[in-house]
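# Summary of the model geometry
So you can see what is in the structure, the chains are spelled out below.
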Amino acid sequence: MIFIDIYVILIGLLLGSFFNVVAIRLLNKKSIAFPPSHCPHCKHKLSVLDLVPVFSYVFLKGKCRYCQTKISPLYPFGELLTATSIFIVYKFVGLQLELIPALLLTVLLVISVLTDIRKQLILDVVTLPMLGVLIISHLFIGTEPFWYYLLGGVVGFALLLLIAIVSRGGMGGGDVKLYAAIGVALGPWMTVMSLVLASFVGTVIGVLLLALGIVKRKQPIAFGPFIFIGTLLAYLFGQDIWNWYINFLW
Ligand SMILES: [Zn+2]
């Protein structure tokens, strides 16, 4: 089993490296396949050694090998985020059919975080195809009837649309569509919980960042990372969190 675990982590790191490229190139409206990876500063083509996830960043001390320009720490961050979340989802869901929609959701969340922290955007070119694939996957996979997942999508979409209207642009259209996809993956109840958890974590971290002076008042913070945390918590531990909450209240 330990070999499978290591294998999953390695695949996660490689996927993370690919998702970084996907996020950056989609944000810049460039092709994902061409040109081959290069340093954004000196344009030098990167060798296989420069592309080893996380390790190349550590060995090169965060600098381009050719021009010494600093490499953004968002690269190793994206690789670690992908590997960790895929590993956790694989561990908790296990090798069963449900792992397919679970991983689709994870990939969607990770890429959304990577585009959101770079340019505060969650892209339709990622969300809408994933929404479609998630709907199709639930035609065949799931413990609940198909309509349950569709209803989840409607609930996620409607809730975020409401928040977007009330907050007057505090929540963007990208978040609304992302929540439609999250809803399809989680079903209605856990979608609501994911939003509650995301808001709670977002508020706590937002207050902390303000108190520590890391961000300024009125400075917009990307909500994507909190959606990521809230959604994975609800998806993997929603029932436990609910039980704990009920016990806590009584
Ligand atoms: Zn360079």
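All figures in this text were calculated on a predicted structure; none of them were measured in a lab.

Analysis parameters
- Residues numbered from 1 in each chain as written.
- Predicted model: local features only at pLDDT ≥ 70, side-chain atom pairs only at ≥ 80, totals over all residues.
- Heavy atoms only, no water.
- Helix = DSSP H or I, 4+ residues; strand = E, 2+ residues; numbered from the N terminus.
- Rg over C-alpha atoms; globule rule 2.2 N^0.38 Å.
- Buried < 20%, exposed > 50% of the residue type's maximum accessible area, 1.4 Å probe, protein only.
- Donors = N, O, S within 2.8 Å, 3.2 Å for Na, K, Ca; no water.
- Tetrahedral: all angles 85-135°; square planar, octahedral: opposite > 155°, others 65-115°.
- Core = buried A, V, L, I, M, F, W, Y, C linked by side-chain atoms within 4.5 Å.
- Domains from an automatic or database assignment.
- Contact = heavy atoms within 4.5 Å.
- Axes fitted to C-alpha atoms, helices over the stretch in contact; angles between N-to-C directions.
- Parallel < 35°, antiparallel > 145°, perpendicular 65-115°, else oblique.
- Left-handed = near helix turned anticlockwise from the far one by under 90°.
- Patch = residues over 30% accessible without salt bridge, like charges linked within 9 Å, V, L, I, M, F, W, Y side chains within 5 Å.
- Areas by Shrake-Rupley, 256 points an atom, 1.4 Å probe, with all protein chains shown as cover.
- Salt bridge = Lys/Arg side-chain N within 4 Å of Asp/Glu carboxyl O.
- Lys, Arg positive; Asp, Glu negative; His and termini not counted.
- Charge placed at Lys NZ, Arg CZ, Asp CG, Glu CD.
- Buried area = accessible area lost by both parts, 1.4 Å probe.

## Description of the overall build of the protein
- A tally of helices and strands in the protein yields 8 helices and 0 strands.
- Across the protein, helices and strands are ordered from the amino to the carboxyl terminus as α-α-α-α-α-α-α-α.
- Taken over C-alpha atoms, the radius of gyration comes to 19 Å for the protein, in line with the 18 Å a tight globule of 250 residues would show.
- Principal axes of the C-alpha set define a box for the protein whose edges measure 60 × 45 × 35 Å.
- Relative to its 250 residues, the protein shows a buried fraction of 42%.

## Examining the coordination of the zinc ion
- All of the protein donors around the zinc ion are C39 (SG), C42 (SG), C64 (SG) and C67 (SG); their distances to the metal are 2.3 Å.
- Every donor counted, the 4 donor atoms about the zinc ion form angles of 103 to 118 degrees at the centre, which fits tetrahedral coordination.
- When the donors of the zinc ion are listed by position in the chain, the intervening gaps give C-x2-C-x21-C-x2-C. Note that C42 is positioned in the loop between α1 (2–27) and α2 (55–59) and C67 in the loop between α2 and α3 (74–93), a separation of 25 residues in sequence.
- When its relative accessible area of 29% is taken as the criterion, C42 is described as partly exposed.

## Section: the nonpolar core
- Counting residues in each nonpolar core, the largest one holds 54 residues, and the members touching the most others are I182 and L186.
- Counting residues per element, the ones that place at least two in this core are α1, α3, α4 (99–119), α5 (124–140), α6 (146–167), α7 (173–211) and α8 (224–249).
- Residue contributions to this core peak at 15 residues, all from α7.
- When we break this core down by domain, the ones giving at least three residues each are domain 1 (1–95) and domain 2 (100–250).
- Once residues within four sequence positions are removed from consideration, I182 is found in contact with L105, L109, T191, S194, I227 and T231.

## Description of the packing of α3 against α4
- One way to put it is that α3 packs onto α4 with a least axis distance of 10 Å and a crossing angle of 160 degrees. Classed by the angle they form, the pair α3 and α4 counts as roughly antiparallel. Remark: the crossing between α3 and α4 carries right-handed chirality. Taking contact as the criterion, the partners of L74, Y75, F77, G78, L81, T82, S85, I86, V89, Y90 and V93 in α3 are, on α4, L99, A102, L103, T106, V110, V113, L114, I117 and R118.

## Description of a positive patch on the surface
- Residues K29, K30, K43 and K119 make up a contiguous surface patch of positive charge.
- Structurally, the position occupied by K119 is in helix α4.
- By relative accessible area, which is 45% here, K119 ends up partly exposed.

## Some remarks on the domain arrangement of the protein
- When the domains of the protein are assigned, the result is domain 1 (1–95) and domain 2 (100–250).
- Each of domain 1 and domain 2 was reduced to a C-alpha centroid, and the two centroids are 24 Å apart.
- Across the contact, 19 residues belong to domain 1 and 21 residues belong to domain 2.
- Looking at the side of domain 1 facing domain 2, the largest losses of area belong to F19, L27 and V89, adding up to 32% of the total buried there.
- On the surface where domain 1 and domain 2 come into contact, there are 0 salt bridges.

## Observations concerning the pattern of salt bridges
- Under the definition given, this model contains 3 salt bridges.
- For D50, the salt bridge identified is with R65, shortest N-O distance 2.8 Å. Taken together, the positions of D50 in the loop between α1 and α2 and R65 in the loop between α2 and α3 put the pair 15 residues apart, joining distant regions of the chain.
- By relative accessible area, R65 is classed as partly exposed at 40%.
- Among the ionic pairs, D124 bridges to K177, the shortest N-O distance being 2.8 Å. In this pair, D124 sits in helix α5 while K177 sits in helix α7, placing the two residues 53 residues apart along the sequence.

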